[in-house]
Amino acid sequence: MTFPERLAAAQTAVEVALSDLLAANHARGMPDRLARAMRHAVLGGGKRLRPFLVIESARLCGIRGMGALPAACAVELIHCYSLVHDDLPDMDNDRLRRGQPTVWAAFDAWTAILAGDALQALAFEVVSTADTHRDPHVRCELVAALAAASGPTGMVGGQAIDLEADKLGQPATPDLGHIRRLHAMKTGALIAFAAEAGSILGQADPVRRRALRTFGEHLGFAFQIADDLLDVEGSEAEVGKAVAKDASAGKATIVSLLGITAARAALADATTAAIDALEPFGAEAFVLRATAEFVASRKS
C-alpha cells in the first residue's frame, strides 16, 4: 500500500475503534451529555497522525496489520483531551476546531472540562488492558511512557510554559532555546511517544527504539514549525481553526523569532533529521519517511 492508502486505512480503523469505544462506555452508564461532548471532541475530524505513528512504528517492529490499534486509540484520546482543555476560555479561548465549534463553545466550559478529564482517564484504561498487549510488563511500560509524555514534564508542562508567557509575560524576551523547550514539551513529547510506542509494543532492540524516538522528536519539532507557519500564512477555512492568533497575542514562535524564510529552513532541517533517524530500518521505513514529508507540507 502507498502512504496515502496506509494513512486512509489507519484513519478509518481509528475512527471506527474510537466510536465503538465511546459507544461501549455510554452503554455502561456514561451520562448522556458527557457522552455527546466526548464524541464531539473525538469523532469526525483530525488527521489521526499520532495513532498512525503508533501503528506504523509498530509495523516496523513486527506488529502487523492493526495490531497496535488499541495503543493508537489511547494516544489519540490523550491528544483529543488536550485539545478540549487547550480551547477553554481560561486557556487559548478558541471557538473553532477542525471547522466545528470547540467543545466548550458547543456545550459549556464545565462540560468541556469533564469531557477532557474523562478522555484522559479512558486513555489509560485502554492502554492498560490486555487488548493492548498480552504482556503486562509491556503495558506497564506503555502506561509509564504515555504518562511522562502527557504530564508535567511533557505536554501539560509545555502548556504551562506557554500560558505563563501569554498571561504572566514570562519570559519577557524569549529566545530560541525557550521556544524549542516549549515545543518539545507541549507538542513534541506526545508525537515522540507515538513514534516510540511501536518499539515498546514490538519489544524492539535499543537501537531501533532510539531511532524511532529520535524520529519522533524531530517530527514533533517539524510539526510545530509547520503549525506556526500555518498561523501566519493559512486561512481559517483551510486550517479549520482561527489563524493569526499568535501574532495578535504577541506570542513568541519560531516564525516571530526567525522570520518566515528562516522558519522554513528550520522546518526543512527538522524534516531531514527525522528522515535520517530512520536509517536503521532501511527501505522498510518508507511510510514514516513519507509521513515526515506530509507533516512538513501540510495545509491544515
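Everything here concerns the structure above.
Quick look at the structure, then. Sequence positions are assigned chain by chain, starting from 1 and proceeding in written order. In keeping with the model being predicted, local features are shown solely for residues with a pLDDT of at least 70 and side-chain atom pairs are shown and tallied solely at 80 or more, while totals for entire chains, interfaces and linings include all residues. Excluding hydrogens and water, the side-chain figures rest on all heavy atoms present in the structure.

**Here's the deal with the layout of surface pockets**
Inference 1: The computed volume of the second largest pocket comes to approximately 240 Å³.
Inference 2: For the second largest pocket, the full set of lining residues is Ala17, Leu21, Ala24, Asn25, Arg28, Pro70, Cys73, Leu122, Glu125, Val126, Thr129 and Asp131.
Inference 3: Elements are defined by DSSP. Helices are runs of H or I of four residues or more, strands are runs of E of two residues or more, and each kind is numbered from the N terminus. Every element with two or more residues in the lining of the second largest pocket is listed here: helix H1 (3–27), helix H4 (69–86) and helix H6 (109–127).
Inference 4: Ranked by residues supplied to the lining of the second largest pocket, first place goes to H1 with four residues.
Inference 5: Residues are grouped as follows: Ala, Val, Leu, Ile, Met, Phe, Trp, Tyr, Cys and Pro are nonpolar; Asp, Glu, Lys and Arg are charged; all remaining types, including Gly, are polar. Classifying every residue of the lining of the second largest pocket gives seven nonpolar, two polar and three charged. A pocket, in this scheme, is an open set of points on a 1 Å grid over the protein atoms alone with protein on both sides within 12 Å along at least 5 of 7 lines, while a cavity is a set where a 1.4 Å probe fits but cannot get out; residues line either one if an atom lies within 4 Å of a point. Grid points are joined across faces, edges and corners, and a volume is the space filled by probe spheres set on the points.

**Topic: the packing of helix H3 (residues 49–60) against H4**
Inference 1: For helices, the axis comes from a line fit to the C-alpha atoms of the stretch in contact; other axes are also lines fit to C-alpha atoms, and the angle between any two N-to-C directions lies between 0 and 180 degrees. Running from amino to carboxyl end, H3 crosses H4 at an angle of 155 degrees, the nearest separation of the two axes being 8 Å. With respect to each other, H3 and H4 are oriented roughly antiparallel. By crossing handedness, the relation of H3 to H4 is classed as right-handed. Listed contacts from H4 to Arg50, Pro51, Val54 and Ile55 of H3 are Leu69, Ala71, Ala72, Val75, Glu76 and His79.
Inference 2: Broken down by class, the residue content of the contact of H3 with H4 amounts to seven nonpolar, one polar and two charged. Orientation labels follow simple angle bins: below 35 degrees gives roughly parallel, above 145 gives roughly antiparallel, 65 to 115 gives roughly perpendicular, and whatever is left gives oblique. Crossing handedness follows the turn of the near helix against the far one: under a right angle anticlockwise gives a left-handed crossing, and clockwise gives a right-handed one. Note on definitions: a residue-residue contact is assigned when non-hydrogen atoms from the two residues lie within 4.5 Å.

**Overview of helix H14 (residues 260–276)**
The α-helix winds at 3.6 residues per turn, so residues separated by three or four positions along the chain end up facing the same way.
Inference 1: Given the number of residues in a helix, its expected span is that number minus one, multiplied by 1.5 Å. Between its first and last C-alpha, H14 extends 24 Å over 17 residues, near the 24 Å set by a 1.5 Å rise per residue.
Inference 2: Taken together, the buried positions of H14 are occupied by Ala263, Ala266, Leu267, Ala270, Thr271 and Ala274. End-on, the buried residues of H14 take up no more than an arc of 135 degrees, which puts them together on one face. Summarising the geometry of H14, the exposed residues directed more than 90 degrees from the buried face are Thr261, Asp269 and Asp276. Under the scheme applied here, a residue whose accessible area is under 20% of the maximum for its type counts as buried, over 50% as exposed, and between as partly exposed, the area being computed with a 1.4 Å probe on protein chains only. Our arc is simply the arc of the directions from the helix axis toward the C-beta atoms.

**Looking at the environment of Ala23**
Inference 1: Residue position: Ala23 is located in helix H1.
Inference 2: Judged by relative accessible area, which is 38%, Ala23 ranks as partly exposed.

**Observations concerning a nonpolar patch on the surface**
Inference 1: On the surface, Leu176, Leu257 and Leu258 cluster together into a nonpolar patch covering about 220 Å² of accessible area.
Inference 2: With respect to the helices and strands, the residue Leu258 is situated in helix H13 (residues 254–258).
Inference 3: Of the residues examined, Leu258 reaches a relative accessible area of 37% and is grouped as partly exposed. Patch membership needs two things, relative accessible area over 30% and no salt bridge, and members are linked within 9 Å if like-charged or within 5 Å if nonpolar (Val, Leu, Ile, Met, Phe, Trp, Tyr). Where accessible areas are quoted, they stem from the Shrake-Rupley method and a 1.4 Å probe; at the residue level, only the protein chains shown are allowed to cover. The salt bridge criterion pairs a side-chain nitrogen of Lys or Arg with a carboxyl oxygen of Asp or Glu, the two atoms within 4 Å.

**Quick word on the packing of aromatic side chains**
Each aromatic ring pair is described using two quantities: the centre-to-centre distance and the angle formed by the ring planes.
Inference 1: Here the aromatic set is Phe, Tyr and Trp, taking the six-membered ring for Trp, and pairing holds for ring centres within 6.5 Å; pairs whose planes are under 30 degrees apart are stacked, those over 60 apart are edge-to-face, and all others are tilted. For the structure shown, the criterion picks out two aromatic pairs.
Inference 2: For the ring pair Phe3 and Phe52, a centre distance of 5.9 Å and an interplane angle of 70 degrees mean the geometry is edge-to-face. Residue Phe3 is located in helix H1, and its partner Phe52 is located in helix H3; the two are separated by 49 residues in the primary sequence. The same class applies to Phe3 as to Phe52, namely buried.
Inference 3: Aromatic pair Phe3 and Phe294: ring centres 5.6 Å apart, planes at 55 degrees, arrangement tilted. With a gap of 291 residues between them, Phe3 in helix H1 and Phe294 in helix H15 (residues 286–297) connect regions that are remote in the sequence.

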